[in-house]
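Residue-level structure breakdown
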Amino acid sequence: MAMSLAASLVITATVATMLIALYGVAVRPNLVKKVLCLSLFSDMVNVLVIFLGYRDVKNPLPPVLTEYSSEGVTKLVERGVDPFPQALTITAIVIGLAVTVLMAYGVIHIQRKYGTVDVRKLAGWEE
């Protein structure tokens, strides 16, 4: 089955945003910007994981069996989306939020102790 134009645009935009976020983590010397880029990268990974469960069928169904018959099971198997990526993503969102808060807490303490959040100044590369 060929991928639709909308699906390919979503994947392309998500991968492009991931690359921009990685660029921000690698190049930006500001720790706050690095935290934001890591958070953005994490969100884009979640979008890709959700997209793994996408079914390119007419009228996709949520992963819930509503009709207790062989016809209902057949309909769910043919048109139901995969619930596993959804479960992984909700877990990743909660863990990502906790990690982002922890990184922000660390950046705040670095700012209080050293008076800067610039990695170059913290490493002593720029006096």
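Small disclaimer: the values here were computed from a predicted structure and weren't measured.

1. Thoughts on the overall build of the chain
- Of regular secondary structure, the chain possesses 5 helices and 0 strands.
- Beginning at the N terminus, the succession of helices and strands in the chain can be written as α-α-α-α-α.
- For a compact globule of 127 residues, the expected C-alpha radius of gyration is about 14 Å, and the chain comes in at 21 Å, more than 25% above that figure.
- When the backbone C-alpha atoms are referred to their principal axes, the chain occupies close to 70 × 30 × 15 Å.
- Classification of the 127 residues of the chain by burial places 17% in the buried group.
- Residue pairs at least 24 apart in sequence account for 50% of intrachain contacts in the chain once pairs closer than 6 positions are excluded.
- Of the roughly 9100 Å² of accessible surface on the chain, a fraction of 70% belongs to carbon and sulfur atoms.

2. Focus on the environment of Leu40
- Note that Leu40 resides in helix H2 (residues 31–52).
- When sequence neighbours within four positions are dropped, the list of residues in contact with Leu40 reads Thr17 and Ala21.

3. Notes on unusual backbone geometry
- Not every positive phi belongs to a glycine, and Asn59 is a case in point at roughly 55 degrees.
- Position of Asn59 among the secondary structure elements: in the loop between H2 and helix H3 (70–79).

4. Concerning the confidence of the model for the chain
- When pLDDT is averaged along the chain, the result is 89, and 96% of the positions lie at 70 or above.
- No element of the chain has a lower mean pLDDT than H3, at 86, and none a higher one than helix H4 (residues 83–114), at 94.

5. A few points about H2
- The end-to-end C-alpha distance of H2, which contains 22 residues, comes to 32 Å, matching closely the 32 Å that a straight helix rising 1.5 Å per residue would cover.
- Taken as a whole, H2 has its buried residues at Leu31, Lys34, Val35, Cys37, Met44 and Asn46.
- Taken together, the buried residues of H2 touch helix H1 (5–27), H4 and helix H5 (119–123).
- The N-cap of H2, judged by a side-chain oxygen 2.9 Å from the amide nitrogen of Val32 a few residues on, is Asn30.

6. Describing the packing of H1 against H2
- It is at 8 Å that the axes of H1 and H2 come closest, and there the two elements cross at 155 degrees. Classified by the angle between their axes, H1 and H2 sit roughly antiparallel to one another. Handedness of the H1/H2 crossing: left-handed. Here H1 contributes Ala7, Val10, Ile11, Thr14, Thr17, Met18, Ala21, Leu22, Gly24, Val25 and Ala26 to the contact with H2, which in turn contributes Lys34, Cys37, Leu38, Leu40, Phe41, Met44, Val45, Val47, Leu48 and Phe51.
- Considering only residue class, the contact of H1 with H2 consists of 17 nonpolar, 3 polar and 1 charged.

The rules behind these values
- Residues numbered from 1 in each chain as written.
- Predicted model: local features only at pLDDT ≥ 70, side-chain atom pairs only at ≥ 80, totals over all residues.
- Heavy atoms only, no water.
- Helix = DSSP H or I, 4+ residues; strand = E, 2+ residues; numbered from the N terminus.
- Rg over C-alpha atoms; globule rule 2.2 N^0.38 Å.
- Buried < 20%, exposed > 50% of the residue type's maximum accessible area, 1.4 Å probe, protein only.
- Contact = heavy atoms within 4.5 Å.
- Areas by Shrake-Rupley, 256 points an atom, 1.4 Å probe, with all protein chains shown as cover.
- pLDDT = per-residue confidence, 0-100.
- Expected span 1.5 Å × (residues − 1).
- Polar contact = N/O pair within 3.5 Å; in protein donor to acceptor, adjacent residues only side chain to side chain.
- Axes fitted to C-alpha atoms, helices over the stretch in contact; angles between N-to-C directions.
- Parallel < 35°, antiparallel > 145°, perpendicular 65-115°, else oblique.
- Left-handed = near helix turned anticlockwise from the far one by under 90°.
- Nonpolar A, V, L, I, M, F, W, Y, C, P; charged D, E, K, R; others polar.

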